[in-house]
Amino acid sequence: MKLAYYPGCSLKGTAREYDLSTRLVARHLGLELVEIPDWNCCGATAAHSTSHFLAVALPARVLALAEDMGLDILSPCAACYQRLRAAQEELKRDPELKRQVEGALGRTFEGRVRVFSLLEALAQLGEEALAAQVVRPLKGMQVACYYGCLLVRPPLTSCDDPEQPQLMEKILAPTKVDTLDWGGKNECCGASLIFGAREVALNLIKNILHAAAQVRAHALVTACPLCHANLDLRQKEVNRFFGTNFAIPVFYLSQLLGIAMGLNPRDLGLGSHFVDPQRALRMVGS
Amino acid sequence: MNENFWSEVNRAAGQKITHCYQCGKCTAGCPVAFAMDYKPHQILRLLQLGRGEELLSSRALWVCSSCQTCTTRCPCHIDLARLIDTLRFFSRQAFPQVTRHGMPLFNEVFLRSVKRYGRVYELGLTLQFNLKERKVWRDLDLGHFMLSRRKLRLLPEPVENRKEVAQIFSAEKEEPR
Ligand code: SF4
Ligand code: SF4
Ligand code: SF4
């Protein structure tokens, strides 16, 4: 399968390892990714909090570029995924807005392109194809799959059940990792509140870490650069602020899958996490 | 409040504001209700009572994380998350000074980066935001770690077709939708 790849800004910076590991894992699974030439930022929360027009027009340019390529889109960033999906729905629902956006861009939309999250793209490959690549089963490791908000909400753009998502667990099943049943999987991590309302965000992050610790998770698994930044980069700050002592490594889904596929941890970008994943990796002999 | 406010708020909600029957489900699931002055269901109630202007200076608008839980669960199909976006618009109009700090400032600096480069230049965004909030030393340890792991780019990587990005921004109208 061949897909138009939309990394988004985070994957070019803060979430570099998500980009590296996604590309590497995709290559080994026979998923061909072609980066969308000259893509722009989706606008994220800043755009939809400011102007409905920007919130649709910015992702619309990305949709149009993919339409030119004649390919469906893979958007590993959960925030980008949701903005692209929401823009698609708005263009469908509001012909007047569509006309304005087309005018501003000097492009027209046929609305042929589909947008996939990493979860959907991997799940589509099927359990057998995934199992065939697993050479290092992760038996003994217990992980809490964390979906956050934007992959599963609102229902209109959701890639899975909004309240009880299961795609990550399904994707990871062939790796034999123990996916825990826990209460934090679609709680909000606070996203960019970490910048503008820090204490509020630290509270939300603490609640998620607490829920994961309660079920004795050895690690968290995520498919969103914003969630990863909050849970990993801010864990020490949470500990300082609340007097806790969490030390839960946070893997990107693509990284954990990559380890099970026997790929080199360094190539998967595992050296760039704030909370050291070594202990969790040693449990499974990696 | 004027006619425009009322119709825009109803449009954003996707349903008539009057449909809300105050069940409180939105507030029950809201992760940041604990930090809000007006809770999500109270936002609906104030709008029903025609007291929308009280909301425009509310802290709730800017601690909402846009997590979409309220929108997902409302039994009356009210799109509260989108409604809050619209209230943010009217809040900035009524009180332009809200963009001097916190989330509205962050959003503004973020969009300025997108306007300029077509993409977010994370290092520049963080520095500018911290400077404007007069907290230049905030997160210095993190920044150092991230630079050492190449998680922050030193220079922006702009899109080539900046003209098209500029067209998007110039077509933006001063309207809530
Ligand atoms: S959501 Fe974040 S990563 Fe995605 S395009 Fe927007 S700024 Fe970039
Ligand atoms: S969930 Fe919907 S109906 Fe219930 S109080 Fe909230 S907005 Fe009103
Ligand atoms: S979108 Fe905002 S108001 Fe709604 S549940 Fe999330 S944080 Fe609360």
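As annotated in an unreviewed UniProt entry, chain B is Heterodisulfide reductase subunit C from Ammonifex thiophilus.

Taking an unreviewed UniProt entry as the reference, chain A is identified by name as Heterodisulfide reductase subunit B belonging to Ammonifex thiophilus.

The subject of this paragraph is the site of ligand 2. Residue and element names in this part refer to chain B. Every residue near ligand 2 is listed here: Cys-20, Tyr-21, Gln-22, Cys-23, Gly-24, Lys-25, Cys-26, His-41, Leu-44, Cys-74, Pro-75 and Cys-76. At the level of elements, α2 (25-29) and α3 (40-48) are the ones that each hand at least two residues to the shell around ligand 2. Split into classes, the residues belonging to the shell around ligand 2 amount to eight nonpolar, three polar and one charged.

Evaluated as defined, the whole model comprises zero disulfides over all chains. For the unlinked cysteine A:Cys224, the closest cysteine sulfur is that of A:Cys227, found at 3.6 Å.

Residues and elements named next belong to chain B. Among the surface-exposed residues, Leu-131, Val-136, Trp-137 and Leu-140 lie close enough to one another that they form a single nonpolar patch of about 470 Å² accessible area. Structurally, Leu-140 can be placed in helix α9 (residues 140-148). Among the residues examined, Leu-140 registers a relative accessible area of 49% and is labelled partly exposed.

Looking now at the confidence of the model for chain B. A residue-level look at chain B finds 98% of positions with pLDDT of 70 or above and a mean pLDDT of 92. ipTM for the predicted complex: 0.95, alongside a pTM of 0.96.

Residues and elements named next belong to chain B. Lining the immediate surroundings of ligand 3 are 14 residues, of which Cys-30, Cys-64, Cys-67, Gln-68 and Cys-70 lie closest. Listed by contribution, the elements that provide at least two residues to the shell around ligand 3 are α5 (69-73) and α6 (80-94). Within the shell around ligand 3, the residues separate by chemical class into ten nonpolar, four polar and no charged.

Nonpolar side chains in soluble globular proteins generally cluster together in the buried interior. Grouped together as the largest cluster of nonpolar side chains are 165 residues, with contacts concentrated most on A:Ile73, A:Val101, A:Leu119, A:Leu220, B:Leu87 and B:Phe110. Ranked by the residues each element gives to this core, the list is headed by helix α4 (residues 52-69) of chain A, at twelve residues. Dropping the residues within four chain positions of it, B:Phe110 is found in contact with A:Cys41, A:Gly43, A:Ala44, A:Ala46, B:Val120 and B:Leu125. Membership of the second largest hydrophobic core comes to nine residues, among which are A:Leu233, B:Tyr117, B:Phe145 and B:Leu152.

Looking now at the pattern of salt bridges. All told, the structure shown has 29 salt bridges over all chains when counted by the stated rule. Between B:Glu8 and B:Arg11 there is a salt bridge, with its nearest N and O atoms 3.1 Å apart. One end of the pair is B:Glu8 and the other is B:Arg11, both in helix α1 (residues 3-13) and three residues apart, which spans about a single turn. Note on B:Arg11: relative accessible area 41%, which makes it partly exposed. It is possible to trace a salt-bridge network through shared partners that takes in A:Asp38, A:Arg61, A:Asp68, A:Arg107 and B:Glu164.

Cut-offs applied
Residues numbered from 1 in each chain as written. Chains lettered and ligands numbered in written order. Predicted model: local features only at pLDDT ≥ 70, side-chain atom pairs only at ≥ 80, totals over all residues. Heavy atoms only, no water. Near = heavy atom within 4 Å. Helix = DSSP H or I, 4+ residues; strand = E, 2+ residues; numbered from the N terminus. Nonpolar A, V, L, I, M, F, W, Y, C, P; charged D, E, K, R; others polar. Disulfide = S-S within 2.5 Å. Patch = residues over 30% accessible without salt bridge, like charges linked within 9 Å, V, L, I, M, F, W, Y side chains within 5 Å. Areas by Shrake-Rupley, 256 points an atom, 1.4 Å probe, with all protein chains shown as cover. Salt bridge = Lys/Arg side-chain N within 4 Å of Asp/Glu carboxyl O. Buried < 20%, exposed > 50% of the residue type's maximum accessible area, 1.4 Å probe, protein only. pLDDT = per-residue confidence, 0-100. Core = buried A, V, L, I, M, F, W, Y, C linked by side-chain atoms within 4.5 Å. Contact = heavy atoms within 4.5 Å.

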